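Take a look at the letters that make up each chain.
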Amino acid sequence: MTTVFALVDCNNFYASCEQLFRPDLKNKPVVVLSNNDGCIVARSQEAKTLGLKMGVPMFQVQADIEKHNVVCFSSNYALYADMSNRVMTLLEQEAPQVEVYSIDEAFLDLSGVSAVEDLLSFGQAVKAKVDKWTGISVGIGIAPTKTLAKLANYAAKKYPATGSVVDLMRRDRQQRLLALTDVGEVWGVGRRLSKRLQEQGIYTALDLARTDPKRIRHEYSVVLERTVRELNGESCIALESVRPVKQQIICSRSFGHKITESRELREAISKYTYRAAEKLRAEQRLCRVMSVFIRTSPFIKNAPFYSKNLSVELPCPTDDTRDLLAVANSIFRRIWRPGFRYMKAGVILSDFYEPGSFQADLFSPVGSRRHAKGMMKVLDQINHSGIGHVFFAAQGVSPQWTMKRDYLSPRYTTCWQDLPRVS
Amino acid sequence: MRLTYLGASGSASYIAENSILIPLYGESVSAGFPSPAQDFVEKTLDLNELCIPHPAATFFVRAQGDSMIEAGIYSGDVLVVDRSLSASHGDTIIACLHGEMTVKVLELKPNVLLRPKNKAYKAIPITEESEFEVFGVVTSVIRKLDRM
């Protein structure tokens, strides 16, 4: 049976979430900023048209923003996560299998659907339903492989005449689109790779599709070979219907103001350690490697730049906040240098184990943390219940370093106090 | 750089305490008359089931002002809004009108208009020029009653 994949992608997702509850911002330029209001991470169509680029630091475009009355928002993750859940829930009702690929994208497995329904009308019906039910408009690309579905989705966005749904099941249509598309637009071909390919005369997606897969594997990688095969309609990447367990947990933030004191920075790191450990427990994993990094801002001219990252391998995998706090603090003592104005810090947990799947240390005190699991569970429950907040003294009692979120919109969908008001 | 952290720290008191508790019985055994009501427990009632048939499409908004008091919507009420429904004549809807969200009754015949439910207010005609969009249909009103 031919495989059929659809990629559903929300249009300008973060900006659309903000506009949905602010009808006055419809058809206006809107941007959403990264943590600490640093860079632009999402743009409405109007903001794109103004030429505001993804990832540029706010201060570089301040003048443009004021000139064109661009409305800025701090990232409102509670809102975006809720809206994303709604979209994904609907997709799960429509398709037999769904892989949530990111907060605003999902792959659907539609193999078998074509037997009962025309794929294009199916896609149009799904799009219409998601648009109406959630107020978030989506684009849909349908094709026999994931890589082609990505490309079909790109076409659905790029060419308005498609009505945001493209069925790319037919080979002649695939070839036509491939010929029109730069090789850099192909899923998995980054900027560096596309430069290298162009030097070899491979400019379009079609050029890449027509290159011998064996040669590609030899000169590039097995990953790119798979891309070539997928471009030719041979499905090599299956749907990952079960969300893969995270390989890494990162908790890092930029600070609202530059930190110069060691105590403040240590408290911030302790706080991220606590959050990371909480996430680790939610994933039901133990970790063995912990890294901590601190750095100053690379954007400030004439100021010395300092960035240090140190990793530690623990003797035994753990999910106990107390173990991780001890490690974080010992790393911090080694990487801390006074005299800098720190702008960012974070912790990274990696090398994950399932509980019980590793060889315990024969000489470590067995049962030394006999009640650890229960204690961490109670801690997490208290902190998730909304009753109160329990924390370690290492996190500090009056943090001064919280994020800058000057343009945060209300939590319209997740907080009773923040509901939209109608008169 | 990779650094191996050697030796776990554990206090002596942890190490000394290695007793394991064993329960005497694995399960409890009930030895009384079984509850006659047990067979009648079906399920509990869930307000969500009553008010929210389409959770993915349901939003809450808070009413403000007195333009709908004759429809039983008072300032401060929480309105349950279902986007999955198509608005028809006579529905109470949340509309986006000229950049603002408003709650009114939608009338389609003989003319399209938004009708407030308060005699002190006039109906708002909807024309081609109106920046008008239906956000969703109001299906329930939730009101907390004041207590002395």
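Computed from a predicted model, the values in this text were never measured in an experiment.

**Quick word on the overall build of chain A**
(1) Moving on: Counting its regular elements, chain A contains 15 helices and 13 strands.
(2) Moving on: Each of the three principal axes of chain A carries a C-alpha extent, and together these read 65 × 60 × 45 Å.
(3) Moving on: Scored against the burial criterion, the 423 residues of chain A give a buried share of 49%.
(4) Moving on: The contacts of chain A with a sequence gap of at least 6 include a subset with a gap of at least 24, amounting to 69%.
(5) Moving on: A total of about 21000 Å² of accessible surface is found on chain A, and carbon and sulfur atoms cover 51% of it.
(6) Moving on: Here chain A holds 58 positive side-chain charges and 44 negative ones, and the gap between their average locations is 5 Å.

**Quick word on the interface of chain A and chain B**
(1) Moving on: Each side of the interface is counted separately: chain A has 35 residues, and chain B has 37 residues.
(2) Moving on: At the boundary of chain A with chain B, total buried surface from both sides reaches about 3500 Å², with 58% on carbon and sulfur atoms.
(3) Moving on: Per-residue buried area on chain A facing chain B is highest for Trp133(A), Val422(A) and Ser423(A); these three make up 21% of the total on that side.
(4) Moving on: Here chain A and chain B share 1 salt bridge between them.
(5) Moving on: For the salt bridge of Glu133(B) with Lys26(A), the shortest nitrogen-to-oxygen distance reads 2.6 Å.
(6) Moving on: For the pair chain A and chain B, the interface holds 14 residue pairs in polar contact (both at pLDDT 80 or more).
(7) Moving on: Going through the elements one at a time, helix H4 (77-94), helix H6 (119-134), strand E11 (307-318), helix H14 (321-335) and strand E13 (421-422) of chain A are the ones with two or more residues in the side of chain A that touches chain B.
(8) Moving on: Broken down by element, the side of chain A that touches chain B gets its largest block of residues, 5 residues, from E11(A).
(9) Moving on: Grouping the constituent residues of the side of chain A that touches chain B by class yields 16 nonpolar, 9 polar and 10 charged.

**Section: the sheet that holds strand E8 (residues 165-167) of chain A**
Residues and elements named next belong to chain A.
(1) Moving on: Ordered by their spatial adjacency, 5 strands build an open sheet running E5-E6-E1-E7-E8, and the pairing between neighbours is mixed. Each edge of the sheet is formed by a strand with only one pairing partner; in this case those strands are strand E5 (97-102) and E8. In this sheet, adjacent strand axes meet at a mean angle of 15° when their direction is disregarded.
(2) Moving on: Summarising the sheet, strand E1 (residues 5-10) and strand E6 (residues 105-109) pair through 5 bridges and their orientation is antiparallel. Bridge assignment links Val 8 to a residue of E6, and that residue is Ala 106.

**Regarding the packing of helix H7 (residues 146-158) of chain A against helix H8 (residues 171-180) of chain A**
All names here are of chain A.
(1) Moving on: Between H7 and H8, the shortest axis-to-axis distance is 11 Å and the interhelical angle comes to 70°. Considering the angle they form, H7 stands roughly perpendicular to H8. The crossing of H7 and H8 is left-handed. Residue-level contacts link Leu 148, Leu 151, Ala 152 and Ala 155 of H7 to Gln 174, Leu 177 and Leu 178 of H8.

**What to know about the packing of aromatic side chains**
All names here are of chain A.
(1) Moving on: In this structure the tally under the stated criterion is 17 aromatic pairs over all chains.
(2) Moving on: Geometrically, the ring pair formed by Phe 21 and Tyr 412 is stacked, given 4.6 Å between the ring centres and 20° between the ring planes. Of this pair, Phe 21 sits in the loop between helix H1 (13-20) and strand E2 (30-33) while Tyr 412 is found in the loop between helix H15 (372-385) and E13, placing the two residues 391 residues apart along the sequence. Here Phe 21 and Tyr 412 have matching classes, each one buried.
(3) Moving on: Both rings, one in Tyr 101 and one in Trp 187, keep their centres 5.7 Å apart while their planes meet at 75°; by these two values the pair is edge-to-face. One end of the pair, Tyr 101, is in strand E5; the other, Trp 187, is in the loop between H8 and helix H9 (191-199), with 86 residues separating them in the sequence.

**Details of H14(A)**
All names here are of chain A.
(1) Moving on: When the terminal C-alpha atoms of H14 are compared, their 21 Å separation across 15 residues agrees well with the 21 Å that a helix rising 1.5 Å per residue should span.
(2) Moving on: Restricting attention to buried positions, one finds in H14 the residues Thr 321, Leu 324, Leu 325, Val 327, Ala 328, Asn 329, Ser 330, Ile 331, Phe 332 and Ile 335.
(3) Moving on: Sitting at the head of H14, Asp 320 places a side-chain oxygen 2.7 Å from the backbone nitrogen of Arg 322.

**A short note on the pattern of salt bridges**
Residue and element names in this part refer to chain A.
(1) Moving on: For the structure on display, the rule yields 23 salt bridges over all chains.
(2) Moving on: The residue Asp 82 makes a salt bridge to Arg 86 at a minimum N-O spacing of 2.9 Å. Separated by 4 residues within a single helix, Asp 82 and Arg 86 lie in helix H4, roughly one turn from each other.
(3) Moving on: One continuous salt-bridge network, built from bridges that share partners, spans Arg 217, Glu 225, Arg 229 and Glu 234.

**Description of the sheet that holds E13(A)**
(1) Moving on: Strand order in the open sheet made by the 8 strands is E13(A)-E2(B)-E3(B)-E8(B)-E4(B)-E5(B)-E6(B)-E7(B), with mixed pairing throughout. A single partner strand is all that each edge strand has here, and the edge strands are E13 of chain A together with strand E7 (124-125) of chain B.
(2) Moving on: As paired strands, strand E4 (residues 92-97) of chain B and strand E8 (residues 132-142) of chain B are joined by 5 bridges and run antiparallel to one another. When the bridges of E8(B) are listed, Ile93(B) appears paired with Val137(B).

**What to know about the nonpolar core**
(1) Moving on: Phe21(A), Met83(A), Leu91(A), Leu110(A), Leu79(B), Ile94(B) and Phe135(B) are the most contacted members of the largest nonpolar core, which has 56 residues in total.
(2) Moving on: Sorting elements by how many residues they give to this core places H4(A) first, with 7 residues.
(3) Moving on: For Leu79(B), the residues in contact, after removing those within four places along its chain, are Val422(A), Phe59(B), Phe60(B), Val61(B), Ala63(B), Ile73(B), Ile94(B), Val103(B), Val138(B), Ser140(B) and Val141(B).

**Quick word on the environment of Pro23(A)**
(1) Moving on: Following the sequence through the fold, Pro23(A) ends up in the loop between H1 and E2.
(2) Moving on: Spatially, the C-alpha atoms of Pro23(A) and Arg210(A) are 48 Å apart, while their sequence positions differ by 187 residues.
(3) Moving on: Beyond its immediate sequence surroundings of up to four residues, Pro23(A) is in contact with Cys96(B), Gly99(B), Glu100(B) and Met101(B).

**A word on the environment of Leu25(A)**
Residues and elements named next belong to chain A.
(1) Moving on: Secondary-structure assignment places Leu 25 in the loop between H1 and E2.
(2) Moving on: Judged by its relative accessible area of 4%, Leu 25 falls in the buried class.
(3) Moving on: For the pair Leu 25 and Ala 15, spaced 10 residues apart in sequence, the C-alpha to C-alpha distance is 10.0 Å.

What counts and how
- What you see as residue numbers is a count from 1 along each chain, following the sequence as written.
- All chains are assigned letters beginning with A, and all ligands numbers beginning with 1, in the order in which they are written.
- In keeping with the predicted nature of the model, local features appear solely for residues at pLDDT of at least 70, side-chain atom pairs appear and are counted solely at 80 or more, and the whole-chain, interface and lining totals rest on all residues.
- In computing side-chain properties, one takes all heavy atoms of the structure into account and sets aside hydrogens as well as water.
- Helical segments are the DSSP runs of H or I of at least four residues, strand segments are the runs of E of at least two, and each set is numbered from the N terminus.
- When accessible area is computed with a 1.4 Å probe and restricted to protein chains, residues below 20% of their type maximum are described as buried, those above 50% as exposed, and intermediate ones as partly exposed.
- By definition, residues are in contact when any of their heavy atoms lie within 4.5 Å.
- In these tables, accessible area is a Shrake-Rupley quantity obtained with a 1.4 Å probe, and a residue counts as shielded only by the protein chains included in the view.
- As used throughout, the charge tally considers Lys and Arg to be positive and Asp and Glu to be negative, leaving His and the chain termini uncounted.
- Think of each charge as sitting on NZ of Lys, CZ of Arg, CG of Asp or CD of Glu.
- The buried area of a pairing is the accessible area, by a 1.4 Å probe, that goes missing from both parts when the two are put together, added over both.
- Between Lys or Arg on one side and Asp or Glu on the other, a salt bridge is scored when a side-chain nitrogen of the former is within 4 Å of a carboxyl oxygen of the latter.
- For the purposes of these results, a polar contact is taken to be a pair of N or O atoms within 3.5 Å, where, inside protein, one atom must be able to donate a hydrogen and its partner to accept one; residues adjacent in sequence count only when each atom of the pair is a side-chain atom.
- The classification used treats Ala, Val, Leu, Ile, Met, Phe, Trp, Tyr, Cys and Pro as nonpolar, Asp, Glu, Lys and Arg as charged, and all other residues, Gly among them, as polar.
- For two strands to be treated as a pair, DSSP must find at least two bridges joining them.
- A fitted line through C-alpha atoms serves as each axis, taken over the contacting stretch for helices, and the angle formed by two N-to-C directions is quoted from 0 to 180°.
- Working rule for angles: under 35 degrees goes down as roughly parallel, over 145 as roughly antiparallel, 65 to 115 as roughly perpendicular, anything else as oblique.
- Two helices crossing with the near one rotated counterclockwise from the far one by less than a right angle form a left-handed crossing, whereas a clockwise rotation gives a right-handed crossing.
- When two rings of Phe, Tyr or Trp (its six-membered ring) have centres within 6.5 Å they constitute a pair, described as stacked for plane angles under 30 degrees, edge-to-face for angles over 60, and tilted for the intermediate range.
- Each residue after the first adds 1.5 Å to the expected span of a helix.
- Buried residues of nine kinds, namely Ala, Val, Leu, Ile, Met, Phe, Trp, Tyr and Cys, make up a nonpolar core once their side-chain atoms join them within 4.5 Å.

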